[in-house]
Amino acid sequence: TEVISCALGDVVDLSKAGMRLASKTKPPLQPGREVQVRLVFPRGSVVVVAQARWLRRRGLRTYEMGFQFLNLSPASEAALDSLAKFGFVTRGPKGAAGGAEGPKVRATIQLPDYYTLLGVERGASADELQQAYRRLARQFHPDLNKAPDAEAQFMRIREAYDVLNDAEQRSSYDQRAAG
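Residue numbers run consecutively from 1 along every chain, following the written order of its sequence. The predicted nature of this model means local features are confined to residues of pLDDT at least 70 and side-chain atom pairs, given and counted, to a pLDDT of 80 or more, with totals for whole chains, interfaces and linings taken over all residues. Side-chain numbers here rest on the full set of heavy atoms in the structure, without hydrogens or water.

**Quick look at helix α3 (residues 126-140)**
What counts is decided by this rule: Helix and strand assignments come from DSSP, with helices taken as H or I runs of at least 4 residues and strands as E runs of at least 2, each series counted from the N terminus. To estimate how far a helix should extend, the number of its residues minus one is multiplied by 1.5 Å. Three labels apply to residues, based on accessible area from a 1.4 Å probe with only protein chains included: buried if under 20% of the type maximum, exposed if over 50%, partly exposed otherwise in between. Working note: the arc is built from the helix axis to C-beta atom directions.
End to end, α3 covers 21 Å across 15 residues, agreeing with the expected 21 Å (1.5 Å per residue, within 8%). All of the buried residues in α3 are Leu-129, Ala-132, Tyr-133, Leu-136, Ala-137 and Phe-140. Down the axis, α3 shows its buried residues gathered within 130° of arc, on one side only. Among the exposed residues of α3, those pointing more than 90 degrees away from its buried face are Asp-127, Gln-131 and Arg-138.

In structure tokens:
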């Protein structure tokens, strides 16, 4: 995994089932969140959907997060297997082929847009965040809203507020979402 880099942290383990990241700050994702992961290698890329399965604190300021890949196509599974075993893709999706030469593999995780979810601007104050959160929480709270997706929407709103309300996590999110 020393050939794979990611903006969220270091990829310390990769298999066709999932991956594990180590980070020097708390990742701005909660377990259960589905994200899109793009692994870019010298002659192509593979895009998969992954679910954040767990988050563990490993030290004073270090964390690990585990992701499980979901609904892989046979071509994506073969590309991930090759990356995990050799550090490059021997047979990629749609005929893409890679070799040991070339730059490192880059992993990109598409973070959700928490600002849009809460309906606030990027420079929103703590009071604006709290007002937006309370308004949306009342609207989507499962005890008040009987829609089938109300609970999931409420959890996404809570996750967004938790990340943006914490100064350290917000700074980390802003840096990673921009990069």
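**Points about the pattern of salt bridges**
Worth spelling out the cut-off: A carboxyl oxygen of Asp or Glu within 4 Å of a side-chain nitrogen of Lys or Arg is what we treat as a salt bridge.
Applying the stated criterion across every chain, the model contains 8 salt bridges. Here Asp-174 makes a salt bridge to Arg-122, at a shortest N to O gap of 4.0 Å. Highlighted residues: Asp-174 in helix α5 (residues 167-178) and Arg-122 in the loop between α2 (114-118) and α3, separated in sequence by 52 residues. Using a relative accessible area of 28% as the deciding quantity, one classes Asp-174 as partly exposed. Ionic contacts of the salt-bridge type, sharing partners, join the residues Arg-20, Arg-58 and Glu-64 into one network.

**Structural notes on the pairing of strand β4 (residues 34-41)**
On any regular strand, side chains alternate: one points to one face of the sheet, the next to the other face. As a reminder of what qualifies: Each pair of strands is called paired provided DSSP finds at least two bridges between the two strands.
Side chains of β4 alternate between two faces, with Val-35, Val-37, Leu-39 and Phe-41 buried and Glu-34, Gln-36, Arg-38 and Val-40 left unburied. Bridge analysis of β4 against strand β5 (residues 44-57) gives 8 bridges, and the strand direction is antiparallel. From the neighbouring strand, Val-37 faces β5, where its bridge partner is Val-48. Adjacent in sequence and paired antiparallel, β4 and β5 are bridged by 2 residues. Relative to strand β7 (residues 105-110), β4 is paired through 5 bridges, and the arrangement is antiparallel.

**Considering the nonpolar core**
Rules: For our purposes a nonpolar core is just a set of buried Ala, Val, Leu, Ile, Met, Phe, Trp, Tyr and Cys residues, chained together by side-chain atoms within 4.5 Å. Note on definitions: a residue-residue contact is assigned when non-hydrogen atoms from the two residues lie within 4.5 Å.
Residues Leu-29, Leu-39, Phe-67, Ile-109 and Leu-118 are the most contacted members of the largest nonpolar core, which totals 45 residues. Residues contacting Leu-29, with those up to four places away along its chain left out, are Leu-8, Val-35, Leu-55, Met-65, Phe-67, Ile-109, Leu-111, Pro-112, Tyr-114 and Glu-159.

**Considering the side chain of Ser-76**
Tracing the sequence through the fold places Ser-76 in helix α1 (residues 74-86). Beyond its immediate sequence surroundings of up to four residues, Ser-76 is in contact with Val-46, Val-47 and Val-48.

**Focus: the sheet that holds β7**
Cut-off, in case you're wondering: As a rule, the C-alpha atoms of each element are fitted with a line to give its axis, helices using only the stretch in contact, and angles between N-to-C directions run from 0 to 180 degrees.
Reading around the barrel, the 7 strands line up as β1-β2-β3-β6-β5-β4-β7 and close back on themselves, with mixed pairing between neighbours. Within the sheet, the average angular offset between the axes of one strand and its neighbour, ignoring direction, is 35°. Alignment of β5 against strand β6 (residues 63-70), held across 8 bridges, turns out to be antiparallel. By the bridge assignment, Ala-52 is partnered in β6 with Phe-67. Each of β2 (9-14), β4, β5, β6 and β7 is contacted by α1, which is oriented at about 65° to β5, the strand it contacts most.

**Description of the environment of Thr-108**
Mapped onto the elements, Thr-108 comes out in strand β7. With 70 residues separating them along the chain, Thr-108 and Arg-38 place their C-alpha atoms 5.1 Å apart. Apart from residues lying up to four places away in sequence, Thr-108 is in contact with Gln-36, Val-37 and Arg-38.

**Focus on helix α4 (residues 150-165)**
With 16 residues, α4 should cover 22 Å at 1.5 Å per step; its first-to-last C-alpha distance of 22 Å lies within 8% of that length. Restricting attention to buried positions, one finds in α4 the residues Ala-150, Gln-153, Phe-154, Ile-157, Glu-159, Ala-160, Tyr-161, Val-163 and Leu-164.

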